[in-house]
Amino acid sequence: MSKFLTFVLTLFTLPTLAFEEIEVTPRDFKGWAPANVRDDAIVEINKNQPLFGDGSLMFATDTVTNGQDKADFELIWQQSGNNIDFPNRTLGNIENLLFAWYRDSMSTTAPHLVPAFKLQFYDDGGTMGNAADDILGLLIWEPIYNGINPAPSDSWQISTLTEGIFWVYVSQSAGGSGVIQNYSSTLDDWINNNPMGQGGDPNVDLSADTYVFGVQIGVGSGWNNSFTGYVDAVQISFGSGDDKLYNFEACATYVANNNPDVIFNNDFECYKLIP
């Protein structure tokens, strides 16, 4: 675990975290990938605004065509078609969930907008293999529904999400797809009470056993005007034996017994040397 990373998180008054730090770089995404990137948006790891180390994940939009200002960066760990790859990764087993975000003051879109954090979920309705009662969707955290409006600019913020408010987008279910218009419910509410939306919204029946098969962080669409922002330190914990913190860095780190502190190889890939 990076000592500097631990120090930075301590500055944000977080408890001591026994996570496994995973370094994500442009040459090794460690399973992460861009998704849903439209014409007026980009997402990339660069050196523009590091939280610690030398990099972070940048999102930028500049609306030319309505609806084209969208970009996501996602990690999907479910790869099998007929089996659950990580049966322990369920809504009920989430222990820590956080990420750091930064809104650049040059952004001209609405002042509450920053990258949203999304849990990708799957519920088999208790009958694995019967697609008729399957539900697929997203549990989405946004700052405006969590008392953050306007969002601070030009400073890193770390948001812990386990007790936060999430809304739901249903992408597939027997009852249809679309937004469940309920913006005041926590993960525990969705697990235990399954809040209703407005008339005509799809319904879901989630539980502690609902599988989480990935995470997605993104911006847009329909934000209008321009946005520049950054994300780092994405932590997803399903218990002490499955606690990951993803650190976005421009350069990979490796241990070496020589200097200088940074070198470049013939492919212009950079490395941070640790003597």
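Worth saying up front: this structure is predicted, and the values here are computed from it rather than measured. (Residues numbered from 1 in each chain as written. Predicted model: local features only at pLDDT ≥ 70, side-chain atom pairs only at ≥ 80, totals over all residues. Heavy atoms only, no water.)

Draft legend 1. Expanded view of the side chain of S173. One can find S173 in the loop between β10 (167-172) and β11 (178-180). At 2.6 Å, the side chain of S173 and the backbone oxygen of G176 are in polar contact. The residues contacting S173, other than those within four sequence positions of it, are D134 and I135. (Helix = DSSP H or I, 4+ residues; strand = E, 2+ residues; numbered from the N terminus. Polar contact = N/O pair within 3.5 Å; in protein donor to acceptor, adjacent residues only side chain to side chain. Contact = heavy atoms within 4.5 Å.)

Draft legend 2. Geometry of the confidence of the model for the protein. Taken over all residues, the pLDDT of the protein has a mean of 88, while the share at 70 or more is 83%. Throughout residues 263-268 the model reports pLDDT below 50, and contacts reaching past four residues in sequence, or to other chains, amount to nine contacts. (pLDDT = per-residue confidence, 0-100.)

Draft legend 3. Broad picture of the sheet that holds strand β2 (residues 32-35). In spatial order, the strands read β2-β5-β12-β7-β8-β10-β11; together these seven strands make up an open sheet with antiparallel pairing. Each having just a single partner strand, β2 and β11 make up the two edges of the open sheet. In this sheet, neighbouring strand axes are inclined to one another by 25° on average, regardless of whether the strands run parallel or antiparallel. (Pairing = 2+ DSSP bridges. Axes fitted to C-alpha atoms, helices over the stretch in contact; angles between N-to-C directions.)

Draft legend 4. Focus on unusual backbone geometry. With an omega of 5°, the peptide bond running from N149 to P150 counts as cis. Within the secondary structure, P150 sits in the loop between β8 (135-141) and β9 (157-160). A cis amide bond links G220 to the next residue, S221, at an omega of -5°. Among the secondary structure elements, S221 is positioned in the loop between β12 (211-219) and β13 (226-237). With a phi close to 55°, K30 is a non-glycine residue in the positive phi region. With respect to the element layout, K30 can be found in the loop between β1 (20-24) and β2.

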